[in-house]
Amino acid sequence: MTQPLLSLRSVSKTFHTGGREVKAVDNVSFDVAEGECLAVVGESGSGKSTIANMILGIYPQTIGEISYKGSALPARRDLVHRRSIQLVQQNPLSSLNPRRTIGASLRLALDVHGIGERAGRNDRTGQLLEEVGLPASFRTRSPAALSGGQRQRVAIARALACQSELVVLDEPTSALDVLVQARVLRLLADLRKSRGLTYLFITHDLSVVRNIADRVAVFERGKLVEIGTTATIFEAPNHPYTRKLIAAVPVVTADEVALRKRFMEEANANV
Amino acid sequence: MSAPTLRIRDLRLGFKSWSGTFDVLHGISLHIGKGERVALVGESGSGKSVTARIVLGLLQTLRSAKISGLVEFEGRDLAKLSEAERRALRGTRMSMIFQDPTSSLNPVYRISTQFHEVLQRANPRIEPAESRARAEKALADVSIADPARVLDSYPFQLSGGMNQRVMIAMALANEPSLLIADEPGTALDVTVQAQTLRLMREQVERHHASVLFISHNLGVVREFADRVYVIYKGRIAEQGPTAALFDNPRHPYTQALLRAVPRMTGDGIPEIEDASESYFAPTVIHDGYGEPEGVA
Amino acid sequence: MSRALAILVRNPLSLLGLILVATVVLSAVFADVIAPFPTHRGAVVDFANFNKAPEWPYIFGTDLVGRDVFSRILYAYRISLILGVVVLAIAVPIGVTIGLAAGYLGGWTEYVLMRITDVFLSIPPLVLAMSMMGLLQPTLTNGMIAVTAMWWPWYTRLVYNLARSEKEEGYVLAAEVIGASKLHVMFREILPNCVPSILTKMTLDFGFVILIASSLSFLGLGVQPPTPDLGSMVAEGAKYLPDSWWLTIFPGLAILVAVFGFNLIGDALREILGTEQ
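Calculation criteria
- Residues numbered from 1 in each chain as written.
- Chains lettered and ligands numbered in written order.
- Predicted model: local features only at pLDDT ≥ 70, side-chain atom pairs only at ≥ 80, totals over all residues.
- Helix = DSSP H or I, 4+ residues; strand = E, 2+ residues; numbered from the N terminus.
- Rg over C-alpha atoms; globule rule 2.2 N^0.38 Å.
- Contact = placed C-beta atoms within 7 Å.
- Buried ≥ 20, exposed ≤ 12 C-beta atoms within 10 Å, placed from the backbone.
- Axes fitted to C-alpha atoms, helices over the stretch in contact; angles between N-to-C directions.
- Parallel < 35°, antiparallel > 145°, perpendicular 65-115°, else oblique.
- Pairing = 2+ DSSP bridges.
- Domains from an automatic or database assignment.
- Nonpolar A, V, L, I, M, F, W, Y, C, P; charged D, E, K, R; others polar.
- Arc of directions from axis to C-beta.
- Expected span 1.5 Å × (residues − 1).
- Bend = angle between axes of the 7 residues up to and from the residue.
- Left-handed = near helix turned anticlockwise from the far one by under 90°.

**Comments concerning the overall build of chain A**
When you go through chain A residue by residue, the secondary structure sums to 10 helices and 10 strands. What you see for chain A is a C-alpha radius of gyration of 19 Å, in line with the 18 Å of a compact globule of 271 residues. Counting only C-alpha atoms and orienting by the principal axes, one finds that chain A spans roughly 65 × 45 × 45 Å. Of the contacts formed within chain A by residues at least 6 apart in sequence, a portion of 65% connects residues at least 24 apart.

**Topic: the overall build of chain C**
Secondary structure assignment for chain C yields 11 helices and 0 strands. In chain C, the succession of α and β elements from N to C terminus is α-α-α-α-α-α-α-α-α-α-α. Overall size of chain C, expressed as C-alpha extent along the three principal axes, is 75 × 50 × 30 Å. By residue count, 43% of the 277 residues in chain C fall in the buried class. Long-range contacts, defined here as pairs at least 24 residues apart, represent 69% of the contacts in chain C between residues at least 6 apart.

**Brief notes about the packing of helix H4 (residues 111–122) of chain B against helix H5 (residues 128–141) of chain B**
All names here are of chain B. Relative orientation of the contacting elements H4 and H5 amounts to 105°, with a least axis distance of 9 Å. Judged by the angle between their axes, H4 and H5 are roughly perpendicular. Packed against H4, whose contacting residues are Ser112, Phe115, His116 and Leu119, the element H5 presents Pro128, Ser131, Arg132, Arg134 and Ala135 at the interface.

**Focus: the environment of Asn238 of chain A**
Considering the arrangement of structural elements, one finds Asn238 of chain A in the loop between helix H8 (230–235) and helix H9 (240–248). Considering only alpha carbons, one finds Asn238 of chain A and Ile55 of chain A, 183 residues apart in sequence, at a separation of 27 Å.

**Section: the sheet that holds strand E5 (residues 71–72) of chain A**
Residue and element names in this part refer to chain A. Sheet architecture is open: 4 strands sit in the order E2-E1-E4-E5, paired in antiparallel fashion. Only two strands of the sheet have a single neighbouring strand rather than two, namely strand E2 (20–32) and E5. Where strand E4 (residues 63–68) meets E5, 2 bridges bridge the pair, whose relative direction is antiparallel. Across the sheet, residue Ser67 finds its bridge partner in E5, namely Ala72.

**Some remarks on the interface of chain B and chain A**
It is common to give the size of an interface as the accessible area lost on bringing the parts into contact. Residue-level contacts link 30 residues of chain B with 31 residues of chain A. Broken down by secondary-structure element, the contributors of at least two residues to the side of chain B that touches chain A are helix H8 (190–207), helix H9 (218–224) and helix H11 (252–260) of chain B. Take the side of chain B that touches chain A: its biggest share by element is 5 residues, from H9 of chain B.

**Some words on the domain arrangement of chain A**
Residues and elements named next belong to chain A. When the domains of chain A are assigned, the result is domain 1 (6–236) and domain 2 (237–271). Placing the centre of domain 1 and that of domain 2 at their C-alpha centroids yields a distance of 28 Å. In this complex, domain 1 contributes 9 residues to the contact, which on the side of domain 2 involves 8 residues. Residue assignment for the side of domain 1 that touches domain 2 shows that the elements contributing at least two residues are helix H7 (206–212), strand E9 (215–220), strand E10 (223–229) and H8. Taken together, the residues of the side of domain 1 that touches domain 2 sort by class into 6 nonpolar, 1 polar and 2 charged.

**Thoughts on the pairing of strand E3 (residues 37–41) of chain A**
All names here are of chain A. Burial analysis of E3 places 5 of its 5 residues in the buried class, which makes it a mostly covered element. Burial along E3 is two-sided: Cys37, Ala39 and Val41 facing one way and Leu38 and Val40 facing the other are all buried. Of the pairings in the sheet, the one linking E3 to strand E8 (residues 198–203) comprises 5 bridges and is parallel in character. Directly across from Leu38, in E8, lies its bridge partner Leu200. Pairing between E3 and E9: 4 bridges, direction parallel. Counterpart to Val40 in the pairing with E9 is Ala217.

**Let's talk about H11 of chain B**
Residues of H11 of chain B that are buried include every one of Tyr253, Thr254, Ala256, Leu257 and Ala260 of chain B, and no others. The arc that holds the buried residues of H11 of chain B, viewed along the axis, is 160°, so those residues lie on one side. Its buried side turned inward, H11 of chain B meets helix H6 (178–195) of chain A together with H9, strand E9 (227–232), strand E10 (235–241) and helix H10 (242–247) of chain B.

**Considerations on the arrangement of the chains**
No other pair among the 2 pairs of chains in contact exceeds the contact count of chains A and B. As for chain C relative to chain B, no contact occurs, and the smallest C-alpha gap between them is 11 Å.

**Description of the sheet that holds E3 of chain A**
Residue and element names in this part refer to chain A. With mixed pairing, the 6 strands of this open sheet are ordered in space as E6-E7-E8-E3-E9-E10. For this open sheet the edge positions go to strand E6 (85–88) and E10, each flanked by a neighbour on one side alone. Sheet twist, expressed as the mean angle between neighbouring strand axes with direction ignored, is 20°. Sheet analysis places E9 next to E10, joined by 6 bridges and oriented antiparallel.

**A look at the interface of chain A and chain C**
Chain A puts 21 residues into the contact, and the matching count from chain C is 14 residues. Going through the elements one at a time, helix H2 (79–84), E6 and helix H3 (102–113) of chain A are the ones with two or more residues in the side of chain A that touches chain C. Of the residues assigned to the side of chain A that touches chain C, the class counts are 9 nonpolar, 7 polar and 5 charged.

**Describing helix H7 (residues 140–166) of chain C**
Here H7 of chain C spans 39 Å end to end across 27 residues, near enough to the 39 Å set by a 1.5 Å rise per residue. The largest bend in H7 of chain C is about 25°, located at Ala149 of chain C, with the proline Pro153 of chain C one to four residues further on.

**Points about the packing of H6 of chain A against H11 of chain B**
Packing of H6 of chain A against H11 of chain B brings their axes to within 9 Å, and their N-to-C directions diverge by 50°. Taken together, the axes of H6 of chain A and H11 of chain B lie oblique to each other. The element H6 of chain A and its partner H11 of chain B pack so that their crossing is left-handed. Residues Val178, Leu179 and Ala182 of chain A of H6 of chain A touch H11 of chain B, and the partners they reach there are Ala256, Leu257 and Ala260 of chain B. Within the contact of H6 of chain A with H11 of chain B, the residues separate by chemical class into 6 nonpolar, no polar and no charged.

Here it is in structure tokens:
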């Protein structure tokens, strides 16, 4: 059996704010296999963002171990770790420095990790832009000149610049319009295939999850309540909270309404 | 037949800046009958939010805004009213609820104070005791278990879902004939959003209010609205009854929108163009759902 | 750039500011050429023409040893501008760096740096300058040191608040996740976003530096005779009001022109830089 790319074992995180203790993540364990797209779903307070932040090394876990390719990740990440795991954030506007050009923001990753010859890095940023469907000439533009969808593509290009293997996507399309979201999801799916990436896809939007994830992990109030393949979770969910979540999603077609009706009855029966 | 609650005819909006005029609305027409729930669906930049603000009379005072066209509320032409008369309508005959309930409520006042202010708009001489009694009843109507405690709280002490209920109660307190809902529930968790929408539907039915529901979320619109207007870059692309429009969209833009929404049945992510000449095709009107001729 | 100029020129107040500042700067730079009596900036004496009311060729009159007030004002502008430039060139980098470090690094660094800053901020500026001058010899250089010492904390306070809010932004997180060093994040990511506020404050400060320096000279600290300084000229001339009114009024107006001009420009600058973002 192959080793998982990322592994969490008994991870918990407690925050001490204003004299109170808040357990944001409670004894969570799961694996992410190489090349898969694992969706992390939950509502506010589920702990999904906290888990993402710990995986990214923004702050350490209180207890438990997070391992990458078999070795435990330390609290202080070094450049090698940083290169392996990258992030695409939700808000395309604030994730790009308004006072730097697109090219400069992309180049940062190349400069920090010494990727390629210094002279060729500007060209490389152009290539990255083309890979996400934008013209290389956007290098010289500032973020304000781009639309939300375009900015998000730049954010994706930035995550690719380090040639990382694991990409954490924290609600990457939640701030985008419907049509733009479809294009960006398509791009993400294509990139995963062409580059052999592994995705940890955090979202509250179950209908997106249904169409892009291989497996789904459902979180409620810091605990992992259910994890399984997409098909299983959506056709035969075990946990009442999962059923409640599926039942609440607003849908557009008659088929989906029928699917939901089934879960709504089950959810109401358990309330 | 009485005048529709809201009637908009060929509304145009442009913003003047030092580099020329920027047109946002290119002549949209819509109407809402008494008790009807009508949705205005579009993406960002479509002009749906500015339309709501024009109905409320909030954009007319902006010097750089050029507005033309007819906006009639309960048979009265809003352009012919003075600013004071338009202001008198807000909060009484027409009210609005917003996207993020916690930030739309004033953080430094208790709910009871804010509710009192709302009730004062319709009845300037209302006594605090009476407004509190009415507020408690209104909060109980939106299924708040402990109205007294909520009234004594500040918005930051309540959850998003709770604040949304408070906002709905406040918006309907003066029995408005038109409720404008701007992306309600978008800031809420999906389970809370579902409850909130159900609640809104009950309440508007109970208070016989018409609703202008502005949203980019097609699923929510399908659940809530009787009729739908799809707006693209300041033009109405398609209009018709909800079921017919969703089951059989006829305008290229509506079709693209519906295809783009990910399905819970797992049909994958389709190839969509996010901009296309075809999206500018003329308005498609489902039979029998056109705009009524003017009531002279 | 052209957009900036367009905004500056379109608004009558900022246009006025631009004109006033241009007047001050050009006077200072070209004093040698414009001044009818360039030597009067030094220890020249002309008792034949002393204490004259404004008349040709002494358009602002002469002082008590016969020096042309107008020429001295032009050279005094030069001193004021040099003072302003030097003080800001030293105070701003120090203040900004401390503010960035305190705001971004947090923890003990923040605590220690901000407490030091608070101490400096709580001493009234003029008192601080006067005490320093009391310890040092009254010279232009020491005057500049004193003013610099009281000036940097304001930039620290400004940048500290900006850095604290900017560090929560997505782009800072993105740079950290990429692995950029703390120095990079402070100076290449956060600092550029503070520049508009810093620049605006600098233009406003220019006028105030001149004012403070003039106050110091007025009190006899700072610049010494025969170097012309607007504050000293006002102080000297004040004794002879209202008879020899030109000795005080013209230097006083000169201070007003400079401070007012820089303030107006500062406001316009805020508008230009604000909308650019």
